[in-house]
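What follows is each chain in one-letter form.
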Amino acid sequence: MKLEFLLVLALFFALFCGAASRNVTSRPSIVNIGAVLVVNSTIGRVAKVAIEAAVDDVNSDSSVLQGSKLVLAMRDTNCSGFLGIVEAMQFMETDIIAIVGPQCSTIAHIISYLANELQVPLLSFGATDPSLSSLQFPFFVRTTQSDFFQMSAIAEIIYYYQWTQVIAIYIDDENGRNGIAALGDKLQEKRCKISYKAPFLSDATRSDIQDLLVKVALMESHVIVLHANPTIGLKVFSLANHLQMMGNGYVWIATDWLASLLDSKSPLPSKTMSTMQGVLTLRQHTADSKRKSSLVSRWSTLTKKYSTGDFRLNSYGLYAYDSVWIIARAVDAFFNNGGMISFSNDSRLHNADVGVLNLGAMSVFDGGKRLLDEIQKTDFEGVTGQVQFASDGNLIHPAYDIINVIGTGMRTIGYWSNYSGLSVFPPETFYSKPPNSSSVNDNLYSVIWPGETTEKPRGWAFPSNGKELKIVVPDRVSYQAFVSKDLNTGTVTGYCIDVFIAAVSLLPYAVQYKFIPFGNGHANPNYTQLVDMVASNVYDAAVGDIAIVANRTRLVDYTQPYIESGLVVLAPVKKRDSSAWAFLQPFSLEMWCITGVTFLIVGAVIWILEHRINDEFRGPPKQQLITIFWFSFSTLFFAHRENTVSTLGRVVLIIWLFLVLIIQSSYTASLTSILTVQQLTSPIKGIDSLRSSDEPIGYQVGSYAENYMVEELNISRSRLKALGTPDDYARALEQGPHNGGVAAVVDERPYIERFLSAECRFAIAGSEFTRSGWGFVFQRDSPLAVDMSTAILKLSENGELQRIHDKWLSTSVCSSDTTEVDSERLHLKSFWGLFLICGMTCFLAILIYFLIMLHKFIRQVPDDVTDPSAQGSSRSRRSFLSFLSFADEKEEDAKNRSKKKQIEDARNSETVDIES
């Protein structure tokens, strides 16, 4: 390999130049450029015409090179093999300053090393390998879109349609491997993956491709990405159609090779088109413009001038055309900035001892770096749109058309760009707006999928190779109504098994499976180990009473829960003795006190507001005090006889009666519960009281409750005691914590409810302190988990899930007595909002009343109260007493007194006037 590489290097340098140093003027009459492509290919034949047309267009435009002419040396090469590389370098005998190409990524990888040494820029319109980076190969300039962006678009499409696994079929070369590697990286970002890679050689026979497709057909995933070239790609479609892999349920996504073929040779023969119906493909997006329209309109003339074939323009031809213009504009800027075309020997090669290789005759383009800088500064409007390079060396605004192959042609269903994501609008319509590549805004038109259906394919199917699913089920010793194994026949039955069988029967395809019991038959198995074996591919799935726990979801996929579950506390209880003071239990002491005080306050406020205008609130002090108490407490039964007359009094009374209604209803409900329902008591009130104690706690063998209490609740493992059967539960609870038993048992609700259906001496203490459910376990990213979830939802909707529950888990009458213990008393915190509203109403009513009374008092105040000759303290005291007397006086009497005073004042005024 080392000798071959040195031979290639020697040929490249020897053909590139022959003199030690050749210098020309700063703006010569001729500028030599090269082109490396595969003429006998879909891309190559279009690129050849486009490059030659671009050279003529540049030379005919005197404003570009200002007298200099581009001279093109074109070589036809092969995308693989040593001979192809040698042929590609034969045109280098002249002083080439830039090369349009190479077309193939395979050759680009090798020539880029030589270009770095000779400092000759390579402007490749066809090498899309994403591993060709400007960092490693600074003189490699990609004038087309990298496959990195194409694979990003494909990953976005797969995520948009909610597929999780794909199969990649590709040619096993640099371009194929690196492109699929980029696809895998982008899929991983979307939590998708390539489930199977199917590479083949570029010279693979039909037999080789057929063998590969047979393997693919046996896979679960039916979403296939084909990354090939037109020759191989058409063979794949033909054989896939023969193997019935182009029908319902399949998804085929071809990279841009298919769009290039259809653009240049459409319409293809009907037989060929029939093999690719419903396929999605991508095309490098080029915005519509006058320059593009002009080139397209004269394309037929150009093909007759530069070629003998009949083919149309594709996107690679547009990029090849712009590549020549990039060189022309860069060379013009190079000359304008004083650049000169000159070549010199490389002293390192001149002194190298490489035998017969004449490396001393090789030379380097002195202005290569300078020309490369001008190329990277390119900014003009080309036939592909805005031609400008980003900081990473790629063209700005990478975008693709998404195309659906239908009938004899194709239809654009949308676009992808790294600026706006998936959209039905062209990407350039978004460039004036802020970038938004969020998948939330993704949208595409409808697709005609393989099989001529518009319904989105599921993207996978159960393998048809006769593989039987190995499903592990727990071999339970207790609570066998959920899962149990018949000792005689070895068959597995139970509630969980029936749910699974019913769900499988709703799947639109047949599933072969076999139940494999797990456990020793003497104790319940460890469910964590059971789940771990599914995660490690020992089993394909697990069916049983398996709780959905957070740390397990990191290893496996669960289906939709088919029964609700959660941890509860089981405790021993006893009948609560009836008490003569039971009627006080609904309210806490604080609630009783605040309620009583509020009664008195409201009564006093109503008395104040009604005292001056309502005869029912007047009389001797003893009678008025009795009226306040009677009115307040009679409102509790809505039996108050006194009518309210004032507006403020009625407002206060309405708010108060609403509060009384709420308090009375709550009291009645709570007292009813205490006297009729809650007849059981337990020292354990729930998980909080259990945690705060130091008493032993029981749990079911194999349950996740053990780790949950240790890891999440920080309960010492030494306090935990494993219990195997319901009899163990009852025995340990009866013995109690001081006689070798436990204070309570923590287990999942379905088990406890099953236990309580036969045991009335125990009850659930407190409420359920975790919320989860039971689901079936499948390997990570298994599409069967999604379909089973849908089937479980259907079982729930049609009532079959409830019928299975009633069949296996019907409970006896005793369970009605096992109501949860410790009905909480009603506390002030439940009613403080109502009390606050009532208090604020009373305060505002009193404030308004005081202001009204003060205003009336000032208007009707006696003269002696405002006598200026009186002392200050005496005057204030007299004013205060007068105000109290005024407030206590009946309003009618005050008005009469005021009128009488006004009449007397008028008479006195008349007497004074007569005397004067």
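Residues numbered from 1 in each chain as written. Predicted model: local features only at pLDDT ≥ 70, side-chain atom pairs only at ≥ 80, totals over all residues. Heavy atoms only, no water.

### Considering helix α13 (residues 299–306)
Phase 1 of the analysis: Among the residues making up α13, those that are buried are W299, L302, T303 and Y306. The buried side chains of α13 occupy one side of the element, clustering within an arc of 100° when seen end-on. Turned more than 90 degrees off the buried face of α13, the exposed positions are T301, K304 and K305. (Buried < 20%, exposed > 50% of the residue type's maximum accessible area, 1.4 Å probe, protein only. Helix = DSSP H or I, 4+ residues; strand = E, 2+ residues; numbered from the N terminus. Arc of directions from axis to C-beta.)

### Focus on the sheet that holds strand β8 (residues 193–200)
Phase 1 of the analysis: Overall, mixed pairing links the 8 strands, which are arranged β8-β7-β9-β10-β11-β16-β17-β18 in an open sheet. A single partner strand is all that each edge strand has here, and the edge strands are β8 and β18 (421–423). Ignoring strand direction, the axes of neighbouring strands in this sheet form an average angle of 25°.
Phase 2 of the analysis: Pairing geometry for strand β7 (residues 165–171) and β8, over 7 bridges, is parallel. Note that in β8 the partner of I167 across the bridge is Y196.
Phase 3 of the analysis: Where helix α9 (residues 230–242) meets the sheet, it contacts β7, β8, β9 (223–227) and β10 (251–254), and its direction lies at approximately 170° from that of β10.
Phase 4 of the analysis: Across the sheet, helix α10 (residues 256–265) touches β9, β10, β11 (280–284), β16 (399–406) and β17 (409–417), and the angle it forms with β11 is around 75°. (Pairing = 2+ DSSP bridges. Axes fitted to C-alpha atoms, helices over the stretch in contact; angles between N-to-C directions. Contact = heavy atoms within 4.5 Å.)

### Quick notes on the packing of helix α14 (residues 315–336) against helix α16 (residues 368–376)
Phase 1 of the analysis: Two numbers describe how α14 lies on α16: the axes approach to 8 Å, and their chain directions differ by 120°. Between α14 and α16, the crossing angle belongs to the class labelled oblique. Viewed along their axes, α14 and α16 form a crossing whose handedness is right-handed. Here I326, A330, V331, A333 and F334 of α14 come into contact with α16, specifically with R370, L371, E374 and I375.
Phase 2 of the analysis: Of the residues contributing to the contact of α14 with α16, the split by class is 7 nonpolar, no polar and 2 charged. (Parallel < 35°, antiparallel > 145°, perpendicular 65-115°, else oblique. Left-handed = near helix turned anticlockwise from the far one by under 90°. Nonpolar A, V, L, I, M, F, W, Y, C, P; charged D, E, K, R; others polar.)

### What to know about the nonpolar core
Phase 1 of the analysis: Grouped together as the largest cluster of nonpolar side chains are 87 residues, with contacts concentrated most on Y495 and Y562.
Phase 2 of the analysis: Ignoring sequence-local partners within four residues, the contact set of Y495 consists of A481, F482, Y562, I563, L801, I804, H805, W808 and L809.
Phase 3 of the analysis: Formed by 64 residues, the second largest nonpolar core is a distinct cluster that contains A35, I99, A115 and V331. (Core = buried A, V, L, I, M, F, W, Y, C linked by side-chain atoms within 4.5 Å.)

### So, the packing of aromatic side chains
Phase 1 of the analysis: Scanning the model with the defined rule gives 29 aromatic pairs in all.
Phase 2 of the analysis: When the ring of Y113 is compared with that of F137, the centres are 5.0 Å apart and the planes differ by 90°; the resulting orientation is edge-to-face. Of this pair, Y113 sits in helix α5 (residues 105–118) while F137 sits in the loop between β5 (122–124) and β6 (140–142), placing them 24 residues apart in sequence.
Phase 3 of the analysis: Pairing F482 with W774 gives two aromatic rings, centres 5.1 Å apart and planes at 80°, and the pair type is edge-to-face. With F482 in the loop between β19 (469–474) and β20 (484–485) and W774 in strand β33 (residues 772–774), this pair connects stretches of sequence that are 292 residues apart.
Phase 4 of the analysis: On the basis of relative accessibility, which here comes to 1%, the residue F482 falls in the buried class.
Phase 5 of the analysis: The buried category is assigned to W774, whose relative accessible area is 0%.
Phase 6 of the analysis: One aromatic cluster is present, formed by Y479, F482, Y729, Y751, F755, F762 and W774 through successive ring pairs.
Phase 7 of the analysis: One residue, K190, lies across the ring of Y159, its end atom 5.1 Å from the ring centre.
Phase 8 of the analysis: The cationic tip of R458 hangs over the ring face of W460; the distance from NZ or CZ to the ring centre is 5.9 Å. (Phe/Tyr/Trp six-rings, centres within 6.5 Å; stacked < 30°, edge-to-face > 60°. Lys NZ or Arg CZ within 6 Å of the ring centre and 35° of its normal.)

### What about the pairing of strand β2 (residues 30–37)?
Phase 1 of the analysis: Taken across its 8 residues, β2 has 7 buried, putting it largely inside the fold.
Phase 2 of the analysis: Relative to strand β3 (residues 69–76), β2 is paired through 8 bridges, and the arrangement is parallel. From the neighbouring strand, I30 faces β3, where its bridge partner is K69.
Phase 3 of the analysis: As paired strands, β2 and strand β4 (residues 96–100) are joined by 4 bridges and run parallel to one another. Across the sheet, the residue bridging to G34 is I99, located in β4.

### Comments concerning the pattern of salt bridges
Phase 1 of the analysis: On inspection of all chains with the given rule, the structure shows 23 salt bridges.
Phase 2 of the analysis: We note a salt bridge from E189 to K186, for which the minimum N-O separation is 3.2 Å. Of this pair, E189 and K186 both sit in helix α7 (residues 174–189), 3 residues apart, which is roughly one turn of that helix.
Phase 3 of the analysis: The class for E189 is exposed, based on a relative accessible area of 57%.
Phase 4 of the analysis: Taking the relative accessible area as the measure of exposure, K186 reaches 15% and is therefore buried.
Phase 5 of the analysis: With its nearest N and O atoms 3.6 Å apart, the salt bridge here joins D475 to K485. (Salt bridge = Lys/Arg side-chain N within 4 Å of Asp/Glu carboxyl O.)

### What about the side chain of T275?
Phase 1 of the analysis: As for its position among the elements, T275 is in the loop between α11 (270–273) and β11.
Phase 2 of the analysis: Overall, T275 belongs to the buried group, its relative accessible area being 9%.
Phase 3 of the analysis: Of the polar contacts made by the side chain of T275, one reaches the backbone oxygen of T272; its length is 2.5 Å.
Phase 4 of the analysis: If near-sequence neighbours (up to four positions away) are discounted, T275 is found in contact with F237, S238, N241 and M246. (Polar contact = N/O pair within 3.5 Å; in protein donor to acceptor, adjacent residues only side chain to side chain.)

### What to know about the sheet that holds strand β26 (residues 567–572)
Phase 1 of the analysis: One open sheet accounts for 5 strands, arranged β30-β29-β31-β26-β32; its pairing is mixed. If you trace the sheet from one side to the other, it starts and ends with β30 (720–723) and β32 (762–765), each paired once. Taking each pair of neighbouring strands and ignoring which way they run, the sheet shows an average axis angle of 35°.
Phase 2 of the analysis: As judged from the 4 bridges shared by β26 and β32, these two strands associate in the antiparallel manner. When the sheet's bridge partners are listed, A571 is paired in β32 with A763.
Phase 3 of the analysis: Relative to the sheet, helix α25 (residues 726–735) contacts β26, β29 (697–700), β30, β31 (744–748) and β32, its axis offset from that of β31 by approximately 150°.

### Some details on the environment of I594
Phase 1 of the analysis: Tracing the chain through its elements places I594 in helix α20 (residues 589–610).
Phase 2 of the analysis: In the structure, I594 is positioned 238 residues away from W832 in sequence and 9.7 Å away in space, judged by C-alpha atoms.
Phase 3 of the analysis: If sequence neighbours within four positions are ignored, I594 has contacts with L828 and F835.

### As for the confidence of the model for the chain
Reading predicted coordinates in detail is not appropriate for stretches of low pLDDT.
Phase 1 of the analysis: Within the chain, residue pLDDT values average 84, and 82% of them lie at 70 or more.
Phase 2 of the analysis: Counting contacts from residues 354–358, a segment whose pLDDT is below 50, to residues more than four positions away or on other chains yields 4 contacts.
Phase 3 of the analysis: This model gives residues 815–823 a pLDDT under 50, and the stretch forms 28 contacts once residues within four places in sequence are excluded. (pLDDT = per-residue confidence, 0-100.)

### A short note on the environment of I846
Phase 1 of the analysis: Among the structural elements, I846 can be located in helix α29 (residues 832–860).
Phase 2 of the analysis: Among the residues examined, I846 registers a relative accessible area of 28% and is labelled partly exposed.
Phase 3 of the analysis: Separated by 237 residues in sequence, I846 and L609 have C-alpha atoms that sit 7.5 Å apart.
Phase 4 of the analysis: When near neighbours in sequence (up to four residues on either side) are disregarded, I846 contacts V605, I608 and L609.

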